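What follows is each chain in one-letter form.
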Amino acid sequence: MDQQGEAQVTIFNLPLGQGVEAQLSRWEAEFPEKTRSRPPKRSGSFDVRTGSAVTLDVAGRWDGGGPAGVDKSGQPQYSDYAARSAIVPAERADEAAGEKQYAFFI
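Now for a quick tour of the structure. Predicted, not measured: the structure shown is a model, and the values here were computed from it.

Cut-offs applied
- Residues numbered from 1 in each chain as written.
- Predicted model: local features only at pLDDT ≥ 70, side-chain atom pairs only at ≥ 80, totals over all residues.
- Heavy atoms only, no water.
- Helix = DSSP H or I, 4+ residues; strand = E, 2+ residues; numbered from the N terminus.
- Buried < 20%, exposed > 50% of the residue type's maximum accessible area, 1.4 Å probe, protein only.
- Contact = heavy atoms within 4.5 Å.
- Polar contact = N/O pair within 3.5 Å; in protein donor to acceptor, adjacent residues only side chain to side chain.

1. As for the overall build of the protein
At step 1: Along the backbone of the protein there are 1 helix and 5 strands.
At step 2: In the protein, the succession of α and β elements from N to C terminus is β-α-β-β-β-β.
At step 3: Structurally, the protein occupies a C-alpha span of about 45 × 30 × 25 Å along its principal axes.
At step 4: The 106 residues of the protein split such that 26% are buried.
At step 5: For the protein, the proportion of contacts with a sequence separation of at least 24, taken over those separated by at least 6, is 54%.

What follows is the structure, encoded as structure tokens:
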């Protein structure tokens, strides 16, 4: 939250793509290690069968995010930011029918 007590929440419903671990690592990397105000904290376990989510809390200087692999040099950095992120399973995919597993990225 900012000083006025406001926060931004964004929810995406996307295929898992590179997977849960890759997404969590990408979110962590948006807060460069040397600029973090505390170590990242992960909790929970992503499990489609049980519907359980995995969460990540990280804080410090944020690089602005964006797609993985994009050169962010020269982009502004944002001080005193924090992210509380979660990957929550969507309905179980029928992979035998060619469906991709989707999840909510919050």
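2. Quick look at the environment of Asp57
At step 1: Mapped onto the elements, Asp57 comes out in strand E3 (residues 52–62).
At step 2: Taking the C-alpha atoms as reference, Asp57 lies 8.7 Å from Ser43; in sequence the two are 14 residues apart.
At step 3: When neighbours within four sequence positions are excluded, Asp57 is seen to be in contact with Pro39, Pro40, Lys41, Ala83 and Arg84.
At step 4: A polar side-chain atom of Asp57 sits 2.7 Å from a polar atom in the side chain of Arg84.

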